Amino acid sequence: MGLRTTQDIGILLHKCRNRINMVGIELEGGWDSTRPLVNQQIIRDGSVKFDPPQDVIKAINAYPPTDKQIKLVEEWKAKPRPQYIGELPSPPIKPDIVEKWVKVHFPNFVNKTCGLHIHMSFHHAFHYMVLMTSEYQERIVEYLRLWASKEDLPRTHPLWERLEGKSEYCQLLYIADAQSRLERKAYDRNVPVHRYTAINYSHATHGTVECRLLPMFDSAEQSIRALKEVMAITNAFLVSTARREEKHEVLVKFDGDETVEELKESA
Amino acid sequence: MNLEMTETVNVTKGEDIVKLRLRRSSRGLTVSILKVHKCIEEMFREWSNGETVPYNSHGRKWIPSGKLPGCYSIQAFQDILGVQPCKGGRYRLDSLGTDIYVPGIGGEATVNMSFLRFIGASDGPLEFYVKGVYSKEAMDTLKRVMHSAILQLYIDLLKPIDVVITMSSSETSKEL
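Quick summary incoming for the structure in this document. (Residues numbered from 1 in each chain as written. Chains lettered and ligands numbered in written order. Predicted model: local features only at pLDDT ≥ 70, side-chain atom pairs only at ≥ 80, totals over all residues. Heavy atoms only, no water.)

### Points about the overall build of chain B
The helix and strand tally for chain B stands at 3 helices and 10 strands. In sequence order, chain B lays out its α and β elements as β-β-α-β-β-β-β-β-β-β-β-α-α. A burial count over chain B gives 48% of its 176 residues as buried. Sequence-distant contacts in chain B: of pairs separated by 6 or more residues, those separated by 24 or more amount to 68%. Surface exposure of chain B reaches about 9100 Å², of which carbon and sulfur atoms provide 50%. (Helix = DSSP H or I, 4+ residues; strand = E, 2+ residues; numbered from the N terminus. Buried < 20%, exposed > 50% of the residue type's maximum accessible area, 1.4 Å probe, protein only. Contact = heavy atoms within 4.5 Å. Areas by Shrake-Rupley, 256 points an atom, 1.4 Å probe, with all protein chains shown as cover.)

### Some points on the pairing of strand E4 (residues 199–202) of chain A
All names here are of chain A. On E4, burial covers both faces: Ile199 and Tyr201 on one face and Asn200 and Ser202 on the other are all buried. The pairing of E4 with strand E5 (residues 208–211) spans 4 bridges and is antiparallel. What sits directly across from tyrosine 201, in E5, is valine 209. (Pairing = 2+ DSSP bridges.)

### Overview of the sheet that holds strand E6 (residues 248–253) of chain A
Spatially, the 5 strands line up as an open sheet ordered E6(A)-E1(B)-E2(B)-E10(B)-E4(B), and their pairing is antiparallel. Every other strand in the sheet has two partners, leaving E6 of chain A together with strand E4 (62–64) of chain B as the edge strands with one partner each. Across the sheet, the mean angle from the axis of one strand to that of its neighbour is 25°, orientation sign disregarded. Both strand E1 (residues 16–25) of chain B and strand E2 (residues 28–36) of chain B contribute to a ladder of 8 bridges, which runs antiparallel. Looking at E2(B), one finds that Leu22(B) is bridged to Val31(B). Here helix H2 (residues 136–158) of chain B sits on the sheet in contact with E6 of chain A together with E1 and E2 of chain B, set at roughly 15° to E6(A). (Axes fitted to C-alpha atoms, helices over the stretch in contact; angles between N-to-C directions.)

### Some details on the nonpolar core
Counting residues in hydrophobic clusters, the biggest one holds 116 residues, and the most contacted among them are Ile25(A), Met113(B), Phe115(B) and Phe118(B). For this core, the element with the highest residue contribution is helix H11 (residues 220–240) of chain A, accounting for 12 residues. If sequence neighbours within four positions are ignored, Met113(B) has contacts with Leu20(B), Tyr91(B), Arg92(B), Leu93(B), Met146(B), Ala149(B) and Ile150(B). (Core = buried A, V, L, I, M, F, W, Y, C linked by side-chain atoms within 4.5 Å.)

### Considering the interface of chain A and chain B
Contacts between chain A and chain B engage 35 residues on the former and 44 residues on the latter. Of the roughly 3700 Å² buried at the junction of chain A and chain B (both faces included), carbon and sulfur atoms supply 61%. Three residues stand out in chain A for area buried against chain B, namely His248(A), Val250(A) and Phe254(A), and they jointly supply 21% of the buried area on that side. The interface formed by chain A and chain B holds 3 salt bridges in total. Secondary structure elements with two or more residues in the side of chain A that touches chain B: helix H6 (125–130), helix H9 (176–179), E6 and helix H12 (257–266) of chain A. Counted by class, the side of chain A that touches chain B contains 16 nonpolar, 6 polar and 13 charged residues. The pairing of E6(A) with E1(B) spans 6 bridges and is antiparallel. (Buried area = accessible area lost by both parts, 1.4 Å probe. Salt bridge = Lys/Arg side-chain N within 4 Å of Asp/Glu carboxyl O. Nonpolar A, V, L, I, M, F, W, Y, C, P; charged D, E, K, R; others polar.)

### So, the pattern of salt bridges
When charged atoms on two side chains of opposite charge get close, those side chains can pair. Within this structure, the stated rule accounts for 16 salt bridges over all chains. Across the pair Glu164(A) and Arg155(A) runs a salt bridge whose closest N-O atoms are separated by 3.4 Å. Look at Arg155(A) and you get exposed, because its relative accessible area is 58%. Among the ionic pairs, Glu249(A) bridges to Arg21(B), the shortest N-O distance being 2.8 Å. Separated into two different chains, Glu249(A) in strand E6 and Arg21(B) in strand E1 make up a pair that spans both. Taking the relative accessible area as the measure of exposure, Arg21(B) reaches 27% and is therefore partly exposed.

### Some details on unusual backbone geometry
The amide bond that connects Tyr63(A) to the next residue, Pro64(A), takes the cis arrangement and shows omega of -10°. Positive phi values are uncommon outside glycine, yet Asp152(A) reaches one of about 60°. When you line up the elements, Asp152(A) lands in the loop between helix H7 (134–150) and helix H8 (158–163). Accessibility expressed as a relative area gives 65% for Asp152(A), which makes it exposed. A positive phi angle, near 55°, is found at Asn49(B), a position not held by glycine. Mapped onto the elements of the fold, Asn49(B) is located in the loop between helix H1 (38–48) and strand E3 (52–53). Accessibility expressed as a relative area gives 36% for Asn49(B), which makes it partly exposed.

Keep in mind these values describe shape, not function.
This is how it looks when you write it as structure tokens:
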């Protein structure tokens, strides 16, 4: 039995039993000094940037600056800015704890450079292997598009760009088998096998499937809805593709030297 | 090295050389070795010169379903055995306990056939599972490359070769 239709997955969304064991959430953004416990756990992330807007940069570099430019720079300096910038990873948590964890740790500052990643582990390796198909990534993209429309996200929202494969941090590539064997977290995006894909099969490093498609949303509530949607699509995909695993047999018979010779020629 | 040859084991037409069953399972990839022809085990036994090594001597990815025996050492042949080409991929015999599939990155996949070195492989079924995850495409490739690897192994290492060397005196030298 092959993959069921898109409609089937739609019917199963948010309606089937959870098959995800643990999840890990990565929140990217900026935090202020009022969050002392959070500050200790933030990991530096070069992709997260809170640079001043272009007109402010221009004003900073202007010589001599105009009165308008001086005012612009002063206004920008007066604005609250994050004290800690980077990525805050959760410990492995049960899926039903996600909401609470995100609410407590949601950053004070987010922008379009910030990603919201979810790692998912499973009770059985077989569930993981069922997700090792390009169809899974396609379904995630498809159903997040539908979700984004329901949420009425404006066309300028960074999620759309990511869903169209325009972000170098979540490329729409499928390299599951090679990716799942990477034993170190590497940061090079220009090698044949890397982790910067929409779905990253980080099995050797974390034992998880990571969805890197989501950006940080303006509110914790919307971010939680997005994370729940990814988990729901994953569960629906697992149910819709459930089937008995086939056995693969390798049988080599000796058919006489002629057969072997044929092989030798083509080898 | 003991150069004394043991009993020659012939393969007859229609006989199974190797029969394996591979299945993705909740623990990883289950490998069932259903049949290994006596000629393969005899070859490894000769090569080993009586030395054996644990099945997990290079890695810890092979987990026995029951009890697994040790393996024949191929230490003496380490320099000439490595990754060998076969139709549609590559194979190796020198990596006990490691992943049995290395996907081809811009090239062809490599399969690890070191499990053929189990002591007593020709006596009966053996089973273990390999920790790791495998896509459906990986399973198809694994099956295909393993098949051609076994055939290639037969050609490279087991097939009898008759070499007839004829020496004759040269007419030219006589004239000289």
